[in-house]
Amino acid sequence: MARKAAIIGGGVIGGGWAARFLLNGWDVAVFDPDPEAERKISAVLSNARLALPALSDVPMPPEGRLSFAGTLGEAVEGAEYVQESVSERIELKHKVYAQLQQANPGVLIGSSTSGFKASDLQQGSPAPENIIVAHPFNPVYLLPLSEVSGSDRNPPEVVEKTVQIMKDIGMFPLVIRKEIDAFLGNRFLEAVWREALWMLKDGVATTEEIDEAIRMGFGLRWGQMGLFETYRIAGGEAGMRHFMAQFGPALKWPWTKLMDVPEFNEELVDLVASQSDAQSGQYGIRELERIRDQNLVGFLRALKERNWGAGKVLREHDERRAAAFHAGTDQGPKAAPLVMAHMQVLPGWIDYNGHMTESRYYFAGSETIDAFLRLIGAGMDYVGAGHSYYSAETHIRHLSEAKLGDRLTGTIQILSADEKRFRSFVRIMKGEECVATIEQFYLHVDMKAGKSVPAAPEVYAKLRAITDAQAGLPLPEGAGRAIGQKKE
Ligand SMILES: NC(=O)C1=CN([C@@H]2O[C@H](COP(=O)(O)OP(=O)(O)OC[C@H]3O[C@@H](n4cnc5c(N)ncnc54)[C@H](O)[C@@H]3O)[C@@H](O)[C@H]2O)C=CC1
Ligand SMILES: C[N+](C)(C)CC(=O)CC(=O)[O-]
């Protein structure tokens, strides 16, 4: 049965949480008295469906069930976790917690608050230990950070449970060591925001120029290395010490107006809003969200390729889900093609013809073979010890189309094998339909010597057992075929 989360407050952030939980397979009940909440959440969800699956290289679980509750009590009934995302007013948050804890006394409540400390949120609660901060960043369905911040009234199990739930939905929970207003991320953002407002008010720069200063330069750096690693490199070969020696004195120079806040009045709001309209008013908000999401997906995928920063979080989430996905699959030797891989056609796999691009058929074949090699004991540990299987020849037949979102299965039949070689026949299936076949010839290689050698006996024994079990299967239609063009 799917796990259930209650999302209380379905605005910008509640909508993002709802999308993240749903797309990670949780059922979600939303409570928000705003009659527009359902429409707004479905708009966020449509954008999230285009973006989040594009980060995953394993099939997404079946989407959870979304419901809109008529009361707060109905939303929290049977929920394992509540993410509170109501407006940033402490008295409203207190009122909501009182109702939630009355309806479901033991439930764990994570708050999206941008700045209230857990001890502020817990005031007046009969069960303060179950209220904790889980502060996300917009868009919640793409950015992994969730700042988890408790008070001394939260036992370690509550912090640990919150951390685990965040991981389960693919987030990066960062536990904050000490209670502090606005946690880590918003302290930085507030500093940058104040400086920007000053520069605008003083006529130093426009909203557009300030954004260019960020996105053409240090904003790009921060997304992949943060502040300290970036500055370490800026110190040259001598690293951080040299950087500090060179730029330390700037702390005493008039480089910041941080302690001084521009007066918040109508004039300031008009200045910012009118320049922002001139800069970006040609786009609707949902359109801007889609542009932002596509940029983030590209950026996050680049990080994922390098297993770096937020990309490492994505990979780890894939690994956990792949393990759950494959658990229980029967992969013992039998007289049938073995089901080795499950995939879903992602947005980045689609070409200009509107269907799965040809290189992804090869990829689907590789995923199937890699899973098979792991099964026979020739996975990454084996490669690390200096041996591997190399593909020597490949023949792909494209039999049918795969479209965005299609779920594909890769099966393998071993046509022949000996100590040094095997010939495999992979079928990429869309349900009962075969969309492609990939026939390959593999050589077992000593990677250091750079030549073909017999496989380790335990690896070959597993390969042999599967080959023998499948020996009675008919030769697949298309096996051994060359490319043929009929004469006109
Ligand atoms: N907007 C942002 O960039 C971020 C906001 N946050 C935090 O997330 C929380 C929500 O902020 P947003 O989504 O931006 O605000 P929002 O104004 O978009 O949404 C707040 C929602 O709460 C609903 N609401 C009001 N009273 C309610 C009640 N009694 N029960 C249920 N729902 C109720 C409103 O109808 C509204 O839909 C705040 O605590 C905010 O500090 C956190 C990270 C980023
Ligand atoms: C502006 N803000 C304080 C609501 C920002 C956040 O809390 C995090 C974010 O997404 O920028």
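Predicted model, so just to flag it, every value in this text is computed and none were measured. (Residues numbered from 1 in each chain as written. Chains lettered and ligands numbered in written order. Predicted model: local features only at pLDDT ≥ 70, side-chain atom pairs only at ≥ 80, totals over all residues. Heavy atoms only, no water.)

Look at the UniProt record and you will see "binding site: NAD(+)" (unreviewed entry) annotated at Gly 9, Gly 10, Gly 11, Val 12, Ile 13 and Gly 14. Relative to the helices and strands, Val 12 is located in helix H1 (residues 12-23). On the basis of relative accessible area, Val 12 is assigned to the exposed category, the value being 56%. Note that Gly 14 resides in helix H1. (UniProt positions renumbered as here; feature names shortened; annotations may be inferred. Helix = DSSP H or I, 4+ residues; strand = E, 2+ residues; numbered from the N terminus. Buried < 20%, exposed > 50% of the residue type's maximum accessible area, 1.4 Å probe, protein only.)

On to the site of ligand 2, then. Taken together, Ser 114, His 135, Pro 136, Phe 137, Asn 138, Asn 186 and Leu 189 are the residues near ligand 2. The side chain of His 135 places a nitrogen or oxygen atom 2.8 Å from an oxygen atom of ligand 2. Measuring from an oxygen atom of ligand 2, one finds a backbone N or O atom of Asn 138 at 3.0 Å. Secondary-structure elements contributing two or more residues to the shell around ligand 2 are strand S6 (131-136) and helix H7 (185-201). Classifying every residue of the shell around ligand 2 by side-chain character gives three nonpolar, four polar and no charged. (Near = heavy atom within 4 Å. Polar contact = N/O pair within 3.5 Å; in protein donor to acceptor, adjacent residues only side chain to side chain. Nonpolar A, V, L, I, M, F, W, Y, C, P; charged D, E, K, R; others polar.)

Let us look at the packing of H1 against helix H2 (residues 37-51). H2 packs onto H1 with a crossing angle of 50 degrees between their chain directions and a minimal axis gap of 9 Å. In this view, H1 runs oblique relative to H2, as classed from their interaxial angle. Viewed along their axes, H1 and H2 form a crossing whose handedness is right-handed. Contacts between H1 and H2 involve Gly 15, Gly 16, Ala 19, Leu 22 and Leu 23 on the former and, on the latter, Ile 41, Val 44, Leu 45, Ala 48 and Arg 49. (Axes fitted to C-alpha atoms, helices over the stretch in contact; angles between N-to-C directions. Parallel < 35°, antiparallel > 145°, perpendicular 65-115°, else oblique. Left-handed = near helix turned anticlockwise from the far one by under 90°. Contact = heavy atoms within 4.5 Å.)

Its domain assignment divides the protein into domain 1 (4-175), domain 2 (185-282) and domain 3 (329-469). Using C-alpha coordinates to define each centre, domain 1 is positioned 30 Å away from domain 2. (Domains from an automatic or database assignment.)

Our focus in this paragraph is the UniProt feature "domain: 3-hydroxyacyl-CoA dehydrogenase C-terminal" (unreviewed entry) in the protein. Cross-referencing UniProt, the feature "domain: 3-hydroxyacyl-CoA dehydrogenase C-terminal" (unreviewed entry) maps to residues 183-250 in the present numbering. Across residues 183-250, the secondary structure splits into 76% helix and 0% strand, with the terminal C-alpha atoms separated by 26 Å.

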